[in-house]
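Descriptive analysis of the structure
Here is how the chains run, residue by residue.
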Amino acid sequence: MNSPVSSTSAPAVAPKEQGAKVALSRVLGPGHVWALGVGIVLVGEFMGWNFAVGKGGAVAALTACWLAGILYTCVAMIDSEITSTVAAAGGQYAQAKHIIGPLMAFNVGLYLVMAYTMLEVSNAIVAGDLLQSFATDLGVAGSVDKQAVIVLTIVVLAWFNYRGVLATLTLNLVITAIAFISIVTLFFYLQPWSPAFAERQHSLLSGLPYGTLGILAALHFGLWFYLGIEGTTQAAEEVRSPARSLPLGTMTGMMTLLIAATMTWYIGAGLMPWEYLGQSITPLYDAAKLTQNRSLEIFLFFGTLFATFASANGCINDASRAWFAMGRDRYMPIWFGAVHPRYRTPYRSIVFFVPIAILFAVSTPLDQTITFSILSGLLGYTLMAISIFLFRKKWPLKTIDRGYVHPLHPLPALILMTLCCVAYFAVYLGYGTQLLAMMSFYIVVSAWFVLHRYKYVRRGDQFTMPWPRPQGY
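On to the side chain of histidine 32, then. Looking at the element boundaries, histidine 32 is found in helix α1 (residues 30-41). Among the polar contacts made by the side chain of histidine 32, one reaches the side chain of threonine 170 at a distance of 3.3 Å. When neighbours within four sequence positions are excluded, histidine 32 is seen to be in contact with Val27, Leu166, Leu169 and Thr170.

The following block contains the structure:
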């Protein structure tokens, strides 16, 4: 086995792939990490979460929102500890590679790629629907081709990612901030603390139309409020100070999302009947139209549009980093492990997913792309709970340097595992066929990896962390 080196000096591509070692650029700070995590997730406040209302009513959706918030707070805490210590491209994939083993790492890498690609697809679909709706409101219906908007969104954002991570995530920082401000502006404009708003909201709330089972069913789409916050770790190899930036950016991002999710629910549940809210494509934009304030409506249009762009932008970044890391380690063809000599980006991995994303976006309904993303994310969170137990067992506190130590272990991992199991059942209630299909898919590709790809993996080259031999090994 080669002598270990620090993760900052690990080669980005094999020497056979390029004559000189070209590494990813370490140019990102905590603000970029926040923008990557919140930028991916904030779109969940603008669309998708409201399907939870359709599953169980507004009260069930709020309960699901907070249960999902607990789940993702546990994810953020666990992820911050491991990734601030294993600061390598691929995030959870790199964690599984170091802590568990090749087969688990391969599956985690696929979970990440599928979750972020399907989230990117969902964003492109919403961008197309939003621009069509806005054109109709302007009286020029038919002037916007939804399919053209979808393709253009994916291609242009892939081009931004191709050209460099600093400019890409700086753009995300700006447009994510604008999108968040639009939610806050709408919230304060409506004054939900006022007696008039409270009375209207009370008249719209219908309790639990499907009983307590509706809360369980609503948890499926309640996850959409936060899905993707773990994406902060995908750019770990491009962060200047991982031990500081990753925990700070991730935890502040989670706080931002908890606030935004609660405000979003108050806005939607106070303006629209649950029957309509539960099937709206762009609920916040629809809420702004109900205020009959033209300026606010336009602001929410741009807020929604920017949220979809920021999320798709971050998803391209994260999916390509996971695929790049798998190529570099030979879990996938090494051709994908190349870094652009000028832009210092995993350009082949970025380009590879463009036609795949377009194909799904033009052929798959929005609720199904959201479900595919959620299921892949849940599988990753389940393994994350297992990883932290193994991580603490193999390398107890004080045996290695950690950038962050999450409190109350093992309680967050136990809560995470329990809520993941509940969420699986919630998804099964409404999308059992998709759940079984995805599980079958991952079993088949796991068999392919063991039989045809594992022989190319060079285990000794993967361990780039200067850690002692694990306890008990």
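That covers the picture; the talk isn't over yet.
Note that serine 373 resides in helix α16 (residues 366-394). Taking the relative accessible area as the measure of exposure, serine 373 reaches 0% and is therefore buried. Looking at serine 373, its side chain comes within polar contact range of the main-chain oxygen of alanine 115, at 2.7 Å. Excluding its chain neighbours within four sequence positions, the residues that come into contact with serine 373 are Ala115, Met118, Leu119, Trp224 and Leu227.

Okay, the packing of aromatic side chains next. Two aromatic rings, taken as a pair, are described by how far apart their centres are and by the angle between their planes. Going through the model one piece at a time under the given rule, you end up with 33 aromatic pairs. Both rings, one in tryptophan 323 and one in phenylalanine 336, keep their centres 5.7 Å apart while their planes meet at 75°; by these two values the pair is edge-to-face. Here tryptophan 323, found in helix α14 (residues 294-328), pairs with phenylalanine 336, found in the loop between α14 and α15 (347-361); they are 13 residues apart in sequence, far enough to count as distant. For the pair shown, tryptophan 323 and phenylalanine 336 are each scored as buried. Within the aromatic cluster, the residues linked to one another by ring pairs are Tyr93, Phe106, Tyr331, Trp448, Phe449 and Tyr454.

Glancing now at the nonpolar core. Core analysis: the biggest nonpolar cluster contains 148 residues, and Tyr226 and Tyr381 have the highest contact counts within it. In this structure tyrosine 381 touches Leu71, Tyr72, Val75, Leu227, Gly228, Glu230, Leu416 and Cys420, once residues within four positions along its chain are discounted. Formed by seven residues, the second largest nonpolar core is a distinct cluster that contains Ala127, Leu130, Val149 and Phe301.

This part is about the pattern of salt bridges. All chains considered together, the criterion is met by seven salt bridges. A salt bridge links glutamate 81 to arginine 402; its shortest N-O distance comes to 3.0 Å. Separated by 321 residues along the polypeptide, glutamate 81 in helix α4 (residues 58-83) and arginine 402 in the loop between α16 and α17 (411-453) bring together distant segments of the chain. Note on glutamate 81: relative accessible area 0%, which makes it buried. When the shortest N-O distance is used, the salt bridge between aspartate 329 and lysine 97 registers 2.8 Å. Taken together, the residues span a long stretch of sequence, with aspartate 329 in the loop between α14 and α15 and lysine 97 in helix α5 (residues 92-99) at a distance of 232 residues. Residue aspartate 329 is classed as buried on the basis of its relative accessible area, which comes to 9%. Under the relative-accessibility criterion, lysine 97 is labelled buried at 6%. What you see here is one network of salt bridges that share partners, running through Glu81, Arg392 and Arg402.

This next bit is on the confidence of the model for the protein. Mean pLDDT over the protein: 86, with 93% of residues reaching 70 or higher. Within the model, pLDDT remains below 50 along residues 1-20, and this stretch shows 41 contacts once partners closer than five positions in the same chain are excluded.

Further remarks concern the environment of threonine 250. With respect to the element layout, threonine 250 can be found in helix α11 (residues 242-271). Judged by its relative accessible area of 2%, threonine 250 falls in the buried class. In sequence terms threonine 250 and alanine 35 are 215 residues apart; their C-alpha atoms lie 9.5 Å from each other. Leave out the neighbours within four places in its chain, and threonine 250 touches Val33, Ala76, Ser80, Ile229, Thr232 and Ser245.

Cut-offs used in this document
- Residues numbered from 1 in each chain as written.
- Predicted model: local features only at pLDDT ≥ 70, side-chain atom pairs only at ≥ 80, totals over all residues.
- Heavy atoms only, no water.
- Helix = DSSP H or I, 4+ residues; strand = E, 2+ residues; numbered from the N terminus.
- Polar contact = N/O pair within 3.5 Å; in protein donor to acceptor, adjacent residues only side chain to side chain.
- Contact = heavy atoms within 4.5 Å.
- Buried < 20%, exposed > 50% of the residue type's maximum accessible area, 1.4 Å probe, protein only.
- Phe/Tyr/Trp six-rings, centres within 6.5 Å; stacked < 30°, edge-to-face > 60°.
- Core = buried A, V, L, I, M, F, W, Y, C linked by side-chain atoms within 4.5 Å.
- Salt bridge = Lys/Arg side-chain N within 4 Å of Asp/Glu carboxyl O.
- pLDDT = per-residue confidence, 0-100.

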